[in-house]
Number of protein chains: 2
Amino acid sequence: MSSDRVNRRDLILSVASELFRERGYDATSVREIADAVGVTEAALYYHFKGGKRELLEAVFECEMPDFKRVIETCADKETFAELTACLLRQFKETGRETMERFRWFLSEFANLNPDERRIFQQRHVEFQKNLAALLEQFVDDPRDARFLALGIMSLFIGYGQIFWALDLESVVDVQPEDVIGTIIKYMKL
Amino acid sequence: MSSDRVNRRDLILSVASELFRERGYDATSVREIADAVGVTEAALYYHFKGGKRELLEAVFECEMPDFKRVIETCADKETFAELTACLLRQFKETGRETMERFRWFLSEFANLNPDERRIFQQRHVEFQKNLAALLEQFVDDPRDARFLALGIMSLFIGYGQIFWALDLESVVDVQPEDVIGTIIKYMKL
DNA sequence: GTCTATAGGCCGATAGAC
DNA sequence: GTCTATCGGCCTATAGAC
């Protein structure tokens, strides 16, 4: 069937994506990917003529974290407390997956070429700008709004890397709202 | 000379450590390490009978981040502002290297066995407890002190991963004192 | 302790039949 | 499009001479 054919490439991509994230690019062989999909290496090379490296590029593209939805969901809040509560809620719902991707991009950063790095960096700059725009409602100095946006971003990502990627949650028994929430509780805004 | 002989093992270790951090464990071959040291593979296997895996274990041990010095340096501060300023100063001085190691441990987490993971996690729990103890001077609720310690840790590590490991500093042009300092500026402590 | 030589395996990639 | 078969190369690791 035609749809089977069309989907075959996507299937390879999603399997490769999972294995790359699980074991890392260098530790994953084309053989393993082909086996997991249930095709031969030769078939895989038919779909990805650029070989393993093209596979990586395709995974980069489709696994790139996207923060647009987070900003959109929290755009209409009228107080700082409501805004941060909304961000925290989003983080608890979808942050785990985003943080796993972030960890992978970070660990594979050495395998990216300058262009690919730029794209990933640009995503974060974009998020920072959007968040800063939201914060300007509650902060007089736009410079402060920008720095606060970066700080909040650091706080969330720091939590994600320590407690989820490093699995410290299994040792310490805290929740995002405890750690991030307490910092925010002490902020005069 | 005897000292040459004693140091040979350490030399291999430091070269391996650098290559592992630069390219990752899986992407670094024993051949490359031996070449970089200037010995043959066979000589390397004489010093590390457990092969590549033993090399990794040894690197884990000697590259493990240690926060003791940070806590000691900032232990005598009398206000929250002084304490955070001291932490920020330490971070600017030695944080870059610590954060590079953190990034590496994070990216190689899948290659660690449960025991090794525990040791790394334990280091962070220890730091958190020490920092919480310092914060109890300025915060009434010990529970809040603990959560604030975790939050501050998240903030610093988040900054390090985003702006240094991801090299966002080259795109955004901020400094740790801008981002972390602004968050702290808005805290009522 | 360090070397040379080599075993044995998995790697990425391709040719050519169907 | 998918297969079988295969190539040359690099990998980890070891045996044995010096």
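Look above for the structure.
In this text the structure is predicted, and so the values were computed from the model without any measurement.

Undergrad: I'd like to hear about the overall build of chain A, residue by residue, with values.
TA: Regarding its fold elements, chain A presents 10 helices and 0 strands. When the helices and strands of chain A are placed in sequence order, the string is α-α-α-α-α-α-α-α-α-α. For chain A, the C-alpha atoms occupy an extent of roughly 60 × 35 × 35 Å along the three principal directions. Taking all 189 residues of chain A together, the buried fraction comes to 53%. A separation threshold of at least 6 residues defines the contact pool for chain A, and within that pool the share at least 24 residues apart is 63%. Once the 25 positive and 33 negative side-chain charges of chain A are each reduced to a mean point, those two points are 3 Å apart.

Undergrad: Quick one: what's the story with the nonpolar core, residue by residue and with numbers?
TA: Core analysis: the largest hydrophobic core is formed by 142 residues, its most contacted members being A:Ile33 and B:Ile33. If we ignore the near neighbours within four places in the chain, the residues touching B:Ile33 are B:Ile12, B:Val15, B:Ala16, B:Leu19, B:Phe20, B:Thr28, B:Leu44 and B:Leu55.

Undergrad: Account for the packing of aromatic side chains, naming residues and giving values.
TA: Under the defined criterion, the tally for this structure stands at 26 aromatic pairs over all chains. With 5.2 Å between their ring centres and 65 degrees between their planes, A:Phe20 and A:Tyr25 make a pair best called edge-to-face. A:Tyr25 shares its class with A:Phe20; the two are buried. Consider the rings of B:Phe91 and B:Trp164, whose centres lie 4.8 Å apart with planes at 20 degrees: the pair is stacked. With B:Phe91 in helix H6 (residues 80-107) and B:Trp164 in helix H8 (residues 142-165), the pair connects residues that are 73 residues apart, well separated along the chain. Take B:Phe91 and B:Trp164: they sit in the same class, and that class is buried. Among the aromatic residues, those joined into a cluster by ring pairs are A:Phe60, A:Phe102, A:Trp104, A:Phe105 and A:Phe120. One cation-aromatic arrangement involves A:Lys49 over A:Tyr46; the distance from NZ or CZ to the ring centre is 4.2 Å. Here A:Lys52 stacks its cationic end above the ring of A:Tyr25, 4.4 Å away from the centre of that ring.

Undergrad: Before we move on, could you go through the state of the cysteines and cite the residues and values that matter?
TA: Residues and elements named next belong to chain B. As enumerated under the stated definition, the model contains 2 disulfides over all chains in all. Cys74 shares a disulfide with Cys86; S-S distance 2.3 Å. In this structure the cystine formed by Cys74 and Cys86 twists about its S-S bond by roughly -85 degrees; its chirality is therefore left-handed. Here Cys74 is found in the loop between helix H5 (68-73) and H6, whereas its partner Cys86 is found in helix H6, with 12 residues between them in sequence. For the residue pair Cys74 and Cys86, the accessibility class agrees, reading buried in each case.

Undergrad: Break down the environment of A:Trp104 for me, with residues and values.
TA: All names here are of chain A. In this fold, Trp104 is placed in helix H6 (residues 80-107). Separated by 41 residues in the primary sequence, Trp104 and Glu63 have C-alpha atoms spaced 9.8 Å apart. Apart from the residues within four sequence positions on either side, Trp104 is in contact with Phe20, Arg21, Leu56, Val59 and Phe60.

Basis of the calculations
Residues numbered from 1 in each chain as written. Chains lettered and ligands numbered in written order. Predicted model: local features only at pLDDT ≥ 70, side-chain atom pairs only at ≥ 80, totals over all residues. Heavy atoms only, no water. Helix = DSSP H or I, 4+ residues; strand = E, 2+ residues; numbered from the N terminus. Buried < 20%, exposed > 50% of the residue type's maximum accessible area, 1.4 Å probe, protein only. Contact = heavy atoms within 4.5 Å. Lys, Arg positive; Asp, Glu negative; His and termini not counted. Charge placed at Lys NZ, Arg CZ, Asp CG, Glu CD. Core = buried A, V, L, I, M, F, W, Y, C linked by side-chain atoms within 4.5 Å. Phe/Tyr/Trp six-rings, centres within 6.5 Å; stacked < 30°, edge-to-face > 60°. Lys NZ or Arg CZ within 6 Å of the ring centre and 35° of its normal. Disulfide = S-S within 2.5 Å.

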